[in-house]
Amino acid sequence: MQKEMLAPAAVLVLWTFVMLTWLATSRLPALKRMGGLADAKPGGRGQDLEGVIPPQINWKSHNYTHLLEQPTLFYAVSIIIALTGATKIDVVLAWGYAGLRIIHSLWQALVNTIPVRLTLFVVSTGLLLALAIRAAENTLLP
């Protein structure tokens, strides 16, 4: 079960690179249409592009940032559970979390209405909480 427990985490890592590529391939042409990076202020950051390039382009960046936040907890609990003994339920929860985060990415990058995005976030967070509890049980209880 250990390998099966790590597969959803590996898929989510790869998905994060998909979002990075999508971000770059949408943002760089938008910047080029605005005159390129030559006039960019020194030390500028992605957030400086808010209100400068279309919001739909920035949505990919927002999601990429999100994939580097809460999923870091997912990677940790996935490793803890894999090392301490994953069950089939743990694996199903992990795939559920990874799948919902991918759906969340697509929704945020393409549609970005808050009620659906929030629902996806809340449900995936619930799955992550269940995994965190499992990781704690595996390490704290005899």
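Before reading further, recall that the structure is shown in the block above.
Now for a quick tour of the structure. Values in this document were obtained by computation on a predicted structure and should not be read as measured data.

### A short note on the nonpolar core
Argument step 1. Ranked by internal contacts, the top residues of the largest apolar core, which has 22 residues, are M5, L12, W15, F74, I81 and L131.
Argument step 2. For this core, the elements supplying multiple residues, two or more each, are helix 1 (2–33), helix 3 (71–84), helix 4 (88–110) and helix 5 (114–140).
Argument step 3. Among the elements that take part in this core, helix 4 stands out by supplying seven residues, more than any other.
Argument step 4. Apart from residues lying up to four places away in sequence, W15 is in contact with L67, I102, S105 and L106.
Argument step 5. Listed in part, the five residues of the second largest apolar core include A30, L31, L49 and I53.

### Description of helix 2 (residues 55–67)
Argument step 1. The end-to-end C-alpha distance of helix 2 is 18 Å, a good match for the 18 Å that 13 residues give at a rise of 1.5 Å each.
Argument step 2. Among the residues making up helix 2, those that are buried are I57, N58, W59, K60, S61, N63 and L67.
Argument step 3. Contacts from the buried residues of helix 2 go to helix 1, helix 3 and helix 4.

### What to know about the environment of Q70
Argument step 1. Topologically, Q70 is positioned in the loop between helix 2 and helix 3.
Argument step 2. For Q70, a relative accessible area of 16% puts it in the buried group.
Argument step 3. Sequence separation of Q70 and W95 is 25 residues, and the distance between their C-alpha atoms is 15 Å.
Argument step 4. Non-local contacts of Q70, meaning those with residues more than four positions away in its chain, are made with Y97, R101, F121, S124, T125 and L128.

### Examining unusual backbone geometry
Argument step 1. Despite not being glycine, N112 shows a phi value in the positive range, around 65°.
Argument step 2. Here N112 is to be found in the loop between helix 4 and helix 5.
Argument step 3. A residue is classified by how much of its surface remains accessible, and N112, at 13% relative accessible area, is buried.

What counts, and where the lines are drawn
Within each chain, residues carry numbers counting from 1 in the order of the written sequence. Where totals are concerned, whole chains, interfaces and linings use all residues; where local detail is concerned, this predicted model gives features only for residues with pLDDT of at least 70, and gives and counts side-chain atom pairs only at 80 or more. Working from all heavy atoms in the structure, the side-chain values ignore hydrogens and water. Remark: nonpolar core denotes a set of buried residues (Ala, Val, Leu, Ile, Met, Phe, Trp, Tyr, Cys) joined through side-chain atoms within 4.5 Å. Exposure is judged per residue with a 1.4 Å probe applied to protein chains only, and the accessible area is read against the type maximum: over 50% gives exposed, under 20% gives buried, and values in between give partly exposed. Only DSSP runs of H or I covering at least 4 residues are called helices, and only runs of E covering at least 2 are called strands; the numbering of each starts at the N terminus. Contact definition: two residues touch when any of their heavy atoms are within 4.5 Å. To estimate the expected span of a helix, subtract one from its residue number and multiply by 1.5 Å.

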